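Examining the three-dimensional arrangement
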Amino acid sequence: RAAGFPSRKLLEEFDSEHPHSFDRETVARLGKLDFVAAHRNVVFVGPPGTGKTHLAVGLGVRACQAGHSVRFATAEEWAARLAGARDAGRLAEELSALDEHAVLIVDEVGYTPFDAGTAGLFFQLIAHRYERSSLVVTTDRPLGRWDEIFGGPSALAMVDRLAHHAELVRIDGESYRMRRVGGAWAD
Ligand code: ADP
Ligand code: MG
């Protein structure tokens, strides 16, 4: 079944020579998928274009190949889906239904700020999956600044649960989209 990946990206296609810094060993270890069995989360943090979505999709494709169910959507799409369930009075059922997926990928946390109601929905998602299943999150905002995305007290509680059993991968460097190849702009 389709996992909703925006495009198929493989870990093998990730050029680890591209001049940006990230923890290659951690990414290689994540590719072995131990985090799925351990119900741990993965958080990719870094500026735009540094390959966060690529790595998240790459892990997702691997997990699918290993027989796990995976669902990919942007933070905004997850927010809309959870808000729809809440408004229909079936948020608890929706959260339980998502348990069938060993891995949920939440892409682009931080590109749009969320109101308190939506922050509460993300808190419930993270709290529900805590020590039960995995979330793979990409964000341009360090976790310590998530209060700028999710205003109010739920930001701290959210980050606390998300980060407690998480592999945090920081990626630094310039955008791969803007890279220069042999003195010329790529693509
Ligand atoms: P981000 O999600 O961090 O904004 P993306 O993962 O969307 O960045 O990467 C932007 C584009 O550059 C994608 O097409 C991705 O496949 C490619 N890309 C980024 N980093 C690398 C890399 N190190 N090796 C190969 N392709 C890369
Ligand atoms: Mg991205």
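That block above? That's the structure.
For the structure given in this document, a descriptive report is provided here. These figures come from a predicted structure and were not determined experimentally.

Let's talk about the side chain of aspartate 107
Within the secondary structure, aspartate 107 is located in strand E4 (residues 103–109). We note that aspartate 107 is buried and unpaired, the nearest opposite charge coming from lysine 52 at a distance of 7.2 Å. Excluding its chain neighbours within four sequence positions, the residues that come into contact with aspartate 107 are Thr53, Phe72, Ala73, Thr74, Ala75 and Thr138.

Topic: the layout of surface pockets
The volume enclosed by the largest pocket comes to roughly 500 Å³. The wall of the largest pocket is formed by 22 residues, among which Gly51, Lys52, Thr53, His54 and Arg177 lie closest to the centre. If one sorts the elements of the lining of the largest pocket by residue count, helix H3 (residues 52–65) sits on top with four residues. Grouping the amino acids of the lining of the largest pocket by side-chain chemistry returns six nonpolar, nine polar and seven charged.

Thoughts on the packing of helix H4 (residues 75–87) against helix H6 (residues 116–129)
What describes two packed helices is the angle between their axes and the distance between those same axes. Contact geometry of H4 with H6 gives a least axis separation of 10 Å together with a crossing angle of 95°. With respect to each other, H4 and H6 are oriented roughly perpendicular. Between H4 and H6, the contacting residues are Ala75, Trp78, Ala79, Leu82, Ala83 and Arg86 on the first element and Gly117, Thr118, Leu121, Phe122 and Leu125 on the second. For the contact of H4 with H6, the class distribution of residues is eight nonpolar, two polar and one charged.

So, the pairing of strand E2 (residues 41–45)
Counting buried residues in E2 gives five out of five residues, a clear majority hidden from the surface. A two-sided burial pattern is seen for E2, the buried positions comprising Asn41, Val43 and Val45 on one face and Val42 and Phe44 on the other. Inspection of the sheet shows E2 paired to strand E6 (residues 166–170) by five bridges, in the parallel sense. Each bridged residue has a counterpart across the sheet, and for valine 42 the counterpart in E6 is glutamate 167. Two elements, E2 and strand E5 (residues 134–139), share four bridges in a ladder whose sense is parallel. Along E5, the bridge assignment pairs valine 45 with threonine 139.

Thoughts on empty space enclosed by the protein
One pass over the full model with this rule turns up one cavity of 30 Å³ or more. One number sums up the size of the largest cavity: a volume of about 70 Å³. Residue lining of the largest cavity: Val106, Val109, Phe122, Leu125, Ile126, Leu135, Val137, Trp146, Phe150 and Met158, and that is the complete set. Here the element with the most residues in the lining of the largest cavity is H6; it accounts for three residues.

Examining the sheet that holds E2
Two orientations exist for strands paired in a sheet by backbone hydrogen bonds: parallel and antiparallel. Strand order in the open sheet formed by five strands is E3-E4-E5-E2-E6, with parallel pairing between adjacent strands. The outermost strands of the open sheet, each flanked by one partner alone, are strand E3 (70–74) and E6. The sheet shows a mean angle of 15° between the axes of neighbouring strands, direction not considered. Both E3 and E4 contribute to a ladder of five bridges, which runs parallel. Residue phenylalanine 72 lies in a different strand from E4, and its bridge partner there is isoleucine 105. In the packing of H3 onto the sheet, contacts are made with E2, E3, E4 and E5, and the angle to E2 comes to roughly 155°.

Some details on the nonpolar core
The biggest cluster of nonpolar side chains holds 32 residues, and the ones touching the most others in it are Phe122, Trp146 and Phe150. Mapped by element, the contributors of at least two residues to this core are E2, H4, helix H5 (91–97), E4, H6, E5 and helix H7 (154–164). It is H4 that provides the largest number of residues to this core, a total of six residues. If you look at the next biggest cluster of nonpolar residues, it comprises 24 residues, including Val27, Leu33, Val42 and Ile105.

Some remarks on the site of ligand 1
Taken together, 16 residues surround ligand 1, and among them Asp15, Gly49, Lys52, Thr53 and His54 come closest. Measuring from an oxygen atom of ligand 1, one finds a side-chain N or O atom of histidine 54 at 2.6 Å. Protein contacts shield 86% of the accessible area of ligand 1, which totals 550 Å² for the unbound molecule. More than half of the atoms belonging to ligand 1 lie within 2 Å of the grid points that define the largest pocket.

Definitions and limits used
- Residues numbered from 1 in each chain as written.
- Chains lettered and ligands numbered in written order.
- Predicted model: local features only at pLDDT ≥ 70, side-chain atom pairs only at ≥ 80, totals over all residues.
- Heavy atoms only, no water.
- Helix = DSSP H or I, 4+ residues; strand = E, 2+ residues; numbered from the N terminus.
- Buried < 20%, exposed > 50% of the residue type's maximum accessible area, 1.4 Å probe, protein only.
- Lys, Arg positive; Asp, Glu negative; His and termini not counted.
- Salt bridge = Lys/Arg side-chain N within 4 Å of Asp/Glu carboxyl O.
- Contact = heavy atoms within 4.5 Å.
- 1 Å grid on protein atoms, 1.4 Å probe; cavity = no way out; pocket = protein on both sides within 12 Å on 5 of 7 lines; lining within 4 Å.
- Points joined across faces, edges and corners; volume = space filled by probe spheres on them.
- Nonpolar A, V, L, I, M, F, W, Y, C, P; charged D, E, K, R; others polar.
- Axes fitted to C-alpha atoms, helices over the stretch in contact; angles between N-to-C directions.
- Parallel < 35°, antiparallel > 145°, perpendicular 65-115°, else oblique.
- Pairing = 2+ DSSP bridges.
- Core = buried A, V, L, I, M, F, W, Y, C linked by side-chain atoms within 4.5 Å.
- Near = heavy atom within 4 Å.
- Polar contact = N/O pair within 3.5 Å; in protein donor to acceptor, adjacent residues only side chain to side chain.
- Areas by Shrake-Rupley, 256 points an atom, 1.4 Å probe, with all protein chains shown as cover.
- Sits in = over half its atoms within 2 Å of the grid points.

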